[in-house]
Amino acid sequence: MKVIVRSAISECELNALPKTSIREIFDLMCKNLLIFEKWYFGLMYRGSDFEQIWVDGSKKSLKDFKTVVEKLSFKVKYFPEDVGEELIEKSTIELFFAQVKSDIYRDEIYCPADTCALLASYALQAKFGDYESDENKKWSAQIKKLIPERVLNQHKIDDSVWEESIITMWQKHKGLDEEDAMMEYLKLTQNLEMYGVSFFKIRNRKGTDLLLGVTALGIDIYKPEDKLNPQISFPWAEIKNLKFKDRKFIIKPTDKTAQDFIFFTTDPKISKLILNLGIGNHALYVKRRKPESTEITRMKERAQEMRKNREAQKLKLNKERSAREEVERRETQYKLLIETMKEEMEKNKASLLEAQNTIQKLQQQLEELQKAKEELEKQQMELKEMMERLEQSKNLEATERQKLEEEISAKQLEVQRIQDEVTAKDEEAKRLQEQVDEARKREEEMRQQEEERRQRELEEAAKQKVEEQELEEVPEGADTALPELADVNDQLREQLRVSAVVFM
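Residues numbered from 1 in each chain as written. Predicted model: local features only at pLDDT ≥ 70, side-chain atom pairs only at ≥ 80, totals over all residues. Heavy atoms only, no water.

1. Section: the overall build of the chain
- Looking only at helices and strands, the chain has twelve helices and twelve strands in total.
- The proportion of buried residues among the 504 residues of the chain is 38%.
- Sequence-distant contacts, at least 24 apart, represent 64% of the contacts inside the chain between residues at least 6 apart.
- Within the structure as shown, the chain displays about 31,300 Å² of accessible surface, and the carbon and sulfur contribution to it stands at 48%. (Helix = DSSP H or I, 4+ residues; strand = E, 2+ residues; numbered from the N terminus. Buried < 20%, exposed > 50% of the residue type's maximum accessible area, 1.4 Å probe, protein only. Contact = heavy atoms within 4.5 Å. Areas by Shrake-Rupley, 256 points an atom, 1.4 Å probe, with all protein chains shown as cover.)

2. Topic: a positive patch on the surface
- On the surface, a cluster of positive charge is contributed by Arg-205, Lys-243, Lys-245 and Lys-248.
- Tracing the backbone shows Lys-243 in strand β10 (residues 239-245).
- For Lys-243, a relative accessible area of 45% gives the class partly exposed. (Patch = residues over 30% accessible without salt bridge, like charges linked within 9 Å, V, L, I, M, F, W, Y side chains within 5 Å. Salt bridge = Lys/Arg side-chain N within 4 Å of Asp/Glu carboxyl O. Lys, Arg positive; Asp, Glu negative; His and termini not counted. Charge placed at Lys NZ, Arg CZ, Asp CG, Glu CD.)

3. Describing the nonpolar core
- Judged by nonpolar contacts, the single largest core of 62 residues is most densely connected at Phe-41, Phe-74, Phe-96 and Tyr-185.
- It is helix α4 (residues 113-128) that provides the largest number of residues to this core, a total of nine residues.
- With near-sequence residues (within four places) excluded, Tyr-185 lies in contact with Phe-97, Val-100, Lys-101, Ile-104, Leu-119, Tyr-122 and Ala-123.
- If you look at the next biggest cluster of nonpolar residues, it comprises 25 residues, including Tyr-78, Leu-212, Phe-234 and Leu-284. (Core = buried A, V, L, I, M, F, W, Y, C linked by side-chain atoms within 4.5 Å.)

4. Here's the deal with the packing of helix α3 (residues 90-105) against helix α8 (residues 178-189)
- Between α3 and α8, whose axes approach to 9 Å, the crossing angle comes to 50°. Relative to α8, α3 is oriented oblique. Note that α3 runs across α8; the crossing there is left-handed. The residues of α8 that touch α3, namely those facing Lys-90, Ile-93, Glu-94, Phe-96, Phe-97, Val-100, Lys-101 and Ile-104, are Glu-178, Glu-179, Met-182, Met-183, Tyr-185, Leu-186 and Thr-189.
- Each residue belonging to the contact of α3 with α8 can be placed in one class, and the counts come to nine nonpolar, one polar and five charged. (Axes fitted to C-alpha atoms, helices over the stretch in contact; angles between N-to-C directions. Parallel < 35°, antiparallel > 145°, perpendicular 65-115°, else oblique. Left-handed = near helix turned anticlockwise from the far one by under 90°. Nonpolar A, V, L, I, M, F, W, Y, C, P; charged D, E, K, R; others polar.)

5. Here we look at α3
- Along its 16 residues, α3 runs 22 Å from first to last C-alpha, staying within 8% of the 22 Å computed at 1.5 Å per residue.
- Listed in full, the buried residues belonging to α3 are Ser-91, Thr-92, Ile-93, Leu-95, Phe-96, Phe-97, Ala-98, Gln-99, Val-100, Asp-103 and Ile-104.
- As for α3, its buried residues are in contact with β3 (41-46), β5 (72-76), α4, α8 and α10 (294-392).
- Following α3 by one or two positions, Asp-107 adopts a phi angle in the positive range, close to 65°. (Expected span 1.5 Å × (residues − 1).)

6. Examining the pairing of strand β7 (residues 209-214)
- The element β7 is largely enclosed, with a buried count of five among its six residues.
- Note that strand β6 (residues 198-204) and β7 share six bridges and pair antiparallel. Looking across to β7, one finds that Ile-202 is bridged to Leu-210.
- The antiparallel pairing of β6 with β7 creates a hairpin that spans four residues between the two strands, and Gly-207 there sits at a positive phi of about 90°. (Pairing = 2+ DSSP bridges.)

7. Concerning the packing of aromatic side chains
- Under the definition given, this model contains 16 aromatic pairs.
- Arranged with centres 5.9 Å apart and planes meeting at 90°, the rings of Phe-79 and Phe-96 form a pair that is edge-to-face. With Phe-79 in the loop between β5 and α2 (83-86) and Phe-96 in helix α3, the pair connects residues that are 17 residues apart, well separated along the chain.
- Classification of Phe-79 by relative accessible area gives buried; the value is 11%.
- Judged by relative accessible area, which is 0%, Phe-96 ranks as buried.
- Look at Phe-249 and Phe-263: their rings are 5.0 Å apart centre to centre, the planes differ by 15°, and that puts the pair in the stacked class. Of the two residues, Phe-249 is situated in strand β11 (residues 248-253) and Phe-263 in strand β12 (residues 261-265); the sequence distance between them amounts to 14 residues. Of the two residues examined, Phe-249 and Phe-263, each falls in the buried class. (Phe/Tyr/Trp six-rings, centres within 6.5 Å; stacked < 30°, edge-to-face > 60°.)

8. Topic: the sheet that holds β10
- Across the sheet, seven strands lie side by side as β9-β8-β7-β6-β12-β11-β10; this open sheet has antiparallel pairing. Of all strands in the sheet, those bounded by a partner on one side alone are β9 (232-235) and β10. Taking each pair of neighbouring strands and ignoring which way they run, the sheet shows an average axis angle of 30°.
- Note: β11 against β12, four bridges, orientation antiparallel. By the bridge assignment, Lys-248 is partnered in β12 with Phe-264.
- Contacts from helix α9 (residues 268-288) reach β6, β7, β10, β11 and β12, with the element oriented near 160° to β10.

As structure tokens, then:
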């Protein structure tokens, strides 16, 4: 006959004989799911009222469950008091995580909005690892599968706001591996009021409808409208025994002065189920308070060894990642430095060219000034000769004397014009000389700055060498053949020197 068993992480289809026992099916599922902590799990199906009905695997076979053999579920039946202390194997943690995450999404475990967001961030860390910006947002669709519809409907917030809030939390989990992320998720959920509670409809002796919850710590009684705050609690340490007859169920306290608590179930099968869950939870409660069995000790030692190996591998990967990041940082630093020095080289080229142009203008101006001075001297000599002729021309005709005087006046104007031109050219030459002096001053300042920067870079290079020696060897295949910072600077300075020669 065909048997289908579903778990929170997989579905298994089997072909088995009708005489196959439920225990064999359970053991086969544990084997398939690599579950060694079998005592937390069981096989169950849903009843007519969608209640959980756990299958007693010790006696019955598949032929006793013909109507439900394709509707079986492998689920957590008993919850630990402290997941961090009690869950041992990663496979167990994974199945707990998947089931609780599903129960929260379906709102079978009530969870406040802020806790939902934090849990979602741990779930994303467990599935995708460290957050990385991704335009495709492959994780975006997962967010809606992590937040209950009730929460989304109560808080009319845009998806982008949810996303931003969850990502902010997710980024804080950097470095957390899958198992640790799942465990942090479970540590949070175990504090939720409805976590690990199996609810059943009951009535008290007055006929009042109530809910009974069986947990790892005891039995609680709730009002139907409030599953978060129990009205009465019976810790396992205060319960002497549990018994039922038909639909009548009795909780007998250890305190002899206390009255028995009597209630009525909806069906004798439910009474048996409550008793079964009560006995199982109580047995685990007692077991936790006794010395560990050899089996548990060995499992913990094996799990601890595996965690140590994973931690060692994690440290190795982190060191390799740090080494790669350091290589990338240095490469980025060198690229930025090269770009900066290229820009400075271009600026230096421009400054050098400007200085050369200024010097050429100055030389040209000095030549023109010299020519203007020579012309001025020539005109002054001619004017002097004309003045001497005027002194000697007392006996000349009036017409000739007037003509000479006019020539002298014109010559004086020409001399004045040349004088003004010489003065202007002299001022321009002084201005150009100041520019040349300023350029030389800037060049000297730049040279000093370059020397100071070179010294700082050499110190930084030395510091980096020391830091690199502290890093372990980068994994084979990683390209770390980057030039030393000082070498890069020397190469660029040589390019600048050659460029400067070209302009000279």
